[in-house]
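Coordinate inspection notes
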Protein chains: 2
Amino acid sequence: MVKAKRIERVAALSKLLADHPYRLFSFSYFCKKFAIAKSTLSEDVLAVKSGLELYGLGKVETVSGAAGGVRFIPGHLPEDDAAFLEELAARLTSPDRILPGGMLYTTDILCHPETVVRLGEIFMLRLQELAPDCIMTVETSGIPLAMQTARAFNVPLVIARHTSDITEGSTVNINYVSGSTKVIQNMAMPKRALQPGSRVLIVDDVMKGGGTAKGMIALAHEVGAQVVGKAFLIATAAPDRKLVEDYTAFFTLHNVDEEQQKVTLEVNK
Amino acid sequence: MVKAKRIERVAALSKLLADHPYRLFSFSYFCKKFAIAKSTLSEDVLAVKSGLELYGLGKVETVSGAAGGVRFIPGHLPEDDAAFLEELAARLTSPDRILPGGMLYTTDILCHPETVVRLGEIFMLRLQELAPDCIMTVETSGIPLAMQTARAFNVPLVIARHTSDITEGSTVNINYVSGSTKVIQNMAMPKRALQPGSRVLIVDDVMKGGGTAKGMIALAHEVGAQVVGKAFLIATAAPDRKLVEDYTAFFTLHNVDEEQQKVTLEVNK
């Protein structure tokens, strides 16, 4: 049996709660783990709660009743998030990111763990009231960001594919028209990946015309699920008319001037 | 200025360290954040260290000297990991996962945040001494697991593609032969995604013949990087001779009997 001091127990409790965003732990789980009475646990939970809240690191919620317990919801100081997004904007507008065709190289940012964890948590904080019960994306480049958003909400991720030769059992398939290139494409997902009635939040790296997002919405509808929100790292300013409405984007990409080597990007509050 | 009690500060410190595996925080970063002297911080770090280590939640390392600081390395109790893998094996052998052709439906497991976070950390714990400086996978189903392994090591993820029409700037392309189906396939990655001399750990969901892993090794060699390890969720027992050696797999899939609806899967210690 581990015999710990209170301060050591609080360090462990803080880590365990923070590691599992949105997971409701029963009080008895921790009472057993730490071999303490419920009254002692309540004091420890209060210490973690006020410690994390004092430094803007998230909220600790207690739910009373038989099915109750304690859970952690990630949080950040708004000024820290604003500084993080401004810094990311500065990195994104570096001329060496300009790709032929006026797009930006973002792969390194989308594959950097601390960055996508942070972005996923900011999406969660901005879209909390949508209460999604799953996150949906389409292969490939948006998957890490979508995964970390799923982690921040503690809900499963659903990945749609561009090919229909998936070895994932029976699939649902749709055709959609790309909003920017007007090419007809295919999108598929395993039938059992999404339940009817699910509340789906779409997450992807870039939205131009909105055709891909519209395709995901059609795929979700096909199985009787409901799309409650769409969130992107970057939305391009052009075309002005998108195929989807009511979306969230961290950045608006106004212009990539290949000749002048200049990127114009705006941070959305 | 936030005025916190010691126990509240320790809760916050534990959360901040645990949130950023392998990141070396300078002592002055925390002294400034908490407005405390270095001697006070040292005591707080010791409390977090012993708290997390007492409950098998990871290690806190202090590095002395001018470039020194403190960092957290995730950890689990070996018995907890063994129980977790046994439970996952029980889920994987459920007959409703059997797909035509003798494979298993694993998408839900590979897209469940808490499960892949845990698996990523176990890979890190088992392969720590390889000291990779990046994780590599190929689209699509292994990406969430590879992402969380990258997070546990705090190193970037590199995603290879099966198509060469990537809008990620100039690419490196190779052809490879699938180990199980003997079909020639293409694999590509952005040239700037991987630096010469990098120590690459390959992570994927399933290895059958090893052709895809061999393709990733060729891709890494093409840019002068070195593959230091290969890690999979599942390796199939057949074929016995794989195209790659020295790999790690959580599970060995011995047989999927479609007629008897029986899956034989072994947990690798």
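Small disclaimer: the values here were computed from a predicted structure and weren't measured.

What follows concerns the environment of S50(A). Residue and element names in this part refer to chain A. Relative to the elements of secondary structure, S50 occurs in helix α3 (residues 38-54). The partly exposed category is assigned to S50, whose relative accessible area is 24%. Spatially, the C-alpha atoms of S50 and T137 are 36 Å apart, while their sequence positions differ by 87 residues. Reaching out from S50, the side chain makes a polar contact with the backbone oxygen of A47 at a distance of 3.4 Å.

A few words now on the pairing of strand β5 (residues 134-138) of chain B. All names here are of chain B. Most of β5 is tucked away: five of the five residues are buried. Covered by surrounding structure in β5 are C134, M136 and V138 together with I135 and T137, the residues of both alternating faces. In terms of strand pairing, β5 meets strand β9 (residues 199-207) through three bridges, oriented parallel. Counterpart to I135 in the pairing with β9 is L201. Bridge count between β5 and strand β6 (residues 157-160): four bridges; the pairing is parallel.

Here the focus is the pairing of strand β1 (residues 58-63) of chain A. Every regular strand shows the same layout, with side chains that alternate between the two sheet faces. With six bridges joining them, β1(A) and strand β2 (residues 69-74) of chain A adopt antiparallel strand pairing. Looking across to β2(A), one finds that G58(A) is bridged to P74(A).

This next bit is on helix α6 (residues 113-127) of chain A. For α6(A), which comprises 15 residues, the first-to-last C-alpha distance of 21 Å matches the rise-based estimate of 21 Å (1.5 Å per residue) to within 8%. Burial analysis of α6(A) places 12 of its 15 residues in the buried class, which makes it a mostly covered element.

A word on the UniProt feature "domain: Bacterial purine repressor N-terminal" (unreviewed entry) in chain A. Following the UniProt record, one finds the feature "domain: Bacterial purine repressor N-terminal" (unreviewed entry) at residues 5-74 of chain A. End C-alpha to end C-alpha, residues 5-74 of chain A measures 26 Å, and it is 56% helix and 17% strand.

Another aspect to go through is the interface of chain B and chain A. Listed by partner, the interface residues are 59 residues for chain B and 59 residues for chain A. Taken together, both faces of the contact between chain B and chain A bury some 5200 Å²; the carbon and sulfur share is 64%. When the area that chain B buries against chain A is broken down by residue, the three leading residues are K15(B), Y55(B) and E114(B), summing to 14%. Linking chain B with chain A are two salt bridges, by the criterion used here. Across the salt bridge formed by R23(B) and E114(A), the nearest N and O atoms sit 2.8 Å from each other. Taken together, the links from chain B to chain A amount to 17 residue pairs in polar contact (both at pLDDT 80 or more). Residue contributions to the side of chain B that touches chain A peak at 11 residues, all from helix α1 (residues 6-19) of chain B. In terms of residue class, the side of chain B that touches chain A is built from 32 nonpolar, 12 polar and 15 charged.

To continue, consider the packing of aromatic side chains. According to the stated counting rule, one finds 18 aromatic pairs over all chains in the structure shown. When the ring of Y22(B) is compared with that of F153(B), the centres are 6.3 Å apart and the planes differ by 25 degrees; the resulting orientation is stacked. Here Y22(B), found in the loop between α1 and α2 (27-34), pairs with F153(B), found in helix α7 (residues 143-153); they are 131 residues apart in sequence, far enough to count as distant. With centroids separated by 5.3 Å and ring planes inclined at 75 degrees, the aromatic side chains of Y29(B) and F30(B) adopt a geometry described as edge-to-face. According to the relative accessible area criterion, Y29(B) is partly exposed, its value standing at 37%. By way of ring pairs, the aromatic residues F25(A), Y29(A), F30(A), F34(A) and Y55(B) are connected into one cluster. The side chain of R118(B) reaches across the aromatic face of F84(B), ending 4.7 Å from its centre.

Calculation notes
Residues numbered from 1 in each chain as written. Chains lettered and ligands numbered in written order. Predicted model: local features only at pLDDT ≥ 70, side-chain atom pairs only at ≥ 80, totals over all residues. Heavy atoms only, no water. Helix = DSSP H or I, 4+ residues; strand = E, 2+ residues; numbered from the N terminus. Buried < 20%, exposed > 50% of the residue type's maximum accessible area, 1.4 Å probe, protein only. Polar contact = N/O pair within 3.5 Å; in protein donor to acceptor, adjacent residues only side chain to side chain. Pairing = 2+ DSSP bridges. Expected span 1.5 Å × (residues − 1). UniProt positions renumbered as here; feature names shortened; annotations may be inferred. Contact = heavy atoms within 4.5 Å. Buried area = accessible area lost by both parts, 1.4 Å probe. Salt bridge = Lys/Arg side-chain N within 4 Å of Asp/Glu carboxyl O. Nonpolar A, V, L, I, M, F, W, Y, C, P; charged D, E, K, R; others polar. Phe/Tyr/Trp six-rings, centres within 6.5 Å; stacked < 30°, edge-to-face > 60°. Lys NZ or Arg CZ within 6 Å of the ring centre and 35° of its normal.

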